[in-house]
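# Notes for the structure review
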Amino acid sequence: MFLDWLIDHITLNRIDVLLVAGDIFDVGVPSAQAQKLYYDFLIRLHNTSCREVIITGGNHDAPSTLNAPKELLNALSIRVVGKATEDIADEIFNISVGTENLMVAAVPFLRDQDIRRAIASETGEEINNRYKSALVRHYTDIASACQHLALPGTKIIAMGHLFAIGGKTSESEQSIYVGNLGDIGAGDFSETFDYVALGHLHRAQYIGGKESIRYSGSPIILSFSEVGQEKKVVEIETGEGILVKEVPVPAFRKVLQIKGTVDDCKLQLEALDNDPQPLVIWAEVILTAEKEAALGYREIFDFAKSLKVEVLKVTVKDDRKFEHLKSLVDSAQHVKTFTPLEVFRLKCEEQNVDLNENGELLDAFNEILQLVHDNDKV
């Protein structure tokens, strides 16, 4: 339904270029149905005003899946960059519409092994710093290449799939990096770029106070933590300058959270059952009475079986305060100063788990810890 809407929007507004900044699929090996949806959309797009489509790979995408048909798609003016290229010039595309020239630096998700040479015995911090340096260098190099190739008056747009410092996340974004690996700030992007189109974060937002560095966000809700967010696409008009407009995407499916006791939630679910919707409503039920947790899950799921509403998740609201670890953070004692076992003991203490009475839990943790250490040595 979103793709149908996007085709209509492109046709109605005579959009010339479509940029998709990664995560075409949510898994590396997408289903045949998902791939058919993708290719059918691209074929339909070819029959609109859209002259060029540029697609880059994200952290969820397998580069081989995206790149496999790239030569065939080139014939339809659909450019695909599934992974970092050996020659950075292969990530740069020139587009002309009338008297206007546009240059796109189509940078995909940059995997560590694609841009950084591993060094034996590197610490985690050294890996982080060297990766970030390689990431920034890639954007600096492609900015220099664009400057060299661009005709006077050409607008230059960069694409990226990464975490930019200051961006707000949701529960559904799979972590790209360990720690701060790959974090990049607004100031790390070259002034050569008139606009930076980013993918990865699901909330539409701009970064570092710069409206020209933006995440369009995901077009549909992918987590209950995104309930209440307005999904958008970003429309850019080039000319004397860059005019940016956020276009709201219709909410095709009603997705919501219900809070209360078991009885309260049943009443709310019943009311939703009489709400006519084109698609089945998806709901998360959050139980506010902790004493109902043990039996509440099953009771809610059993009750919903007879309803048109689909309950996908039942959780219990946890208002417990984790004061001890919070105090450690407040006093600037970084978690790295503790051993994993010490952190585990503190966590158990916060959650009122007595390890003296639950020795098997401590044994299980130590066993897992040993497995992790053994794997690190391999």
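So, here's what we can say about the structure. (Residues numbered from 1 in each chain as written. Predicted model: local features only at pLDDT ≥ 70, side-chain atom pairs only at ≥ 80, totals over all residues. Heavy atoms only, no water.)

In terms of strand pairing, strand E1 (residues 17-21) meets strand E2 (residues 52-56) through 5 bridges, oriented parallel. In the sheet register, Leu-18 faces E2, and the bridge partner there is Val-53. Handedness of the crossover joining E1 and E2 through helix H2 (residues 32-46) is recorded here as right-handed. (Pairing = 2+ DSSP bridges. Helix = DSSP H or I, 4+ residues; strand = E, 2+ residues; numbered from the N terminus. Right-handed = clockwise from strand over helix to strand, strands pointing away.)

What follows concerns the environment of Arg-137. Tracing the backbone through its elements, the reader meets Arg-137 in helix H6 (residues 124-149). With relative accessibility at 45%, the residue Arg-137 sits in the partly exposed group. The spacing of Arg-137 and Phe-189 is 52 residues in sequence and 9.9 Å in space, taken between C-alpha atoms. (Buried < 20%, exposed > 50% of the residue type's maximum accessible area, 1.4 Å probe, protein only.)

Each strand in a sheet pairs with its neighbour through backbone hydrogen bonds, running either in the same direction (parallel) or in the opposite one (antiparallel). Pairing in this open sheet of 6 strands is mixed, and the strands run E4-E5-E6-E7-E9-E8 from one edge to the other. Each end of this open sheet is capped by a strand with a single partner; those strands are strand E4 (92-97) and strand E8 (205-207). The mean angle between the axes of side-by-side strands here comes to 30 degrees, regardless of whether they run parallel or antiparallel. Alignment of strand E7 (residues 195-199) against strand E9 (residues 210-215), held across 3 bridges, turns out to be parallel. (Axes fitted to C-alpha atoms, helices over the stretch in contact; angles between N-to-C directions.)

With that out of the way, let us pick up the sheet that holds E1. Within the open sheet, the 3 strands sit side by side as E1-E2-E3. Their pairing is parallel. Strand pairing shows two members of the sheet lacking a second neighbour, E1 and strand E3 (78-81), which therefore form its edges. The mean angle between the axes of side-by-side strands here comes to 10 degrees, regardless of whether they run parallel or antiparallel.

On to the pairing of strand E14 (residues 310-316). Look at any regular strand and the pattern is simple: side chains alternate between the two faces of the sheet. Sheet topology note: the strand E13 (residues 282-287)/E14 ladder contains 6 bridges and is parallel. Counterpart to Ile-286 in the pairing with E14 is Thr-315. Note on the crossover from E13 through helix H8 (residues 293-304) to E14: the handedness is right-handed.

We now examine unusual backbone geometry. Residue Arg-14 is not a glycine yet carries a positive backbone phi of 50 degrees. As for its position among the elements, Arg-14 is in the loop between helix H1 (2-12) and E1. Positive phi outside glycine occurs at Asp-23, with the angle close to 55 degrees. Note on placement: Asp-23 falls in the loop between E1 and H2.

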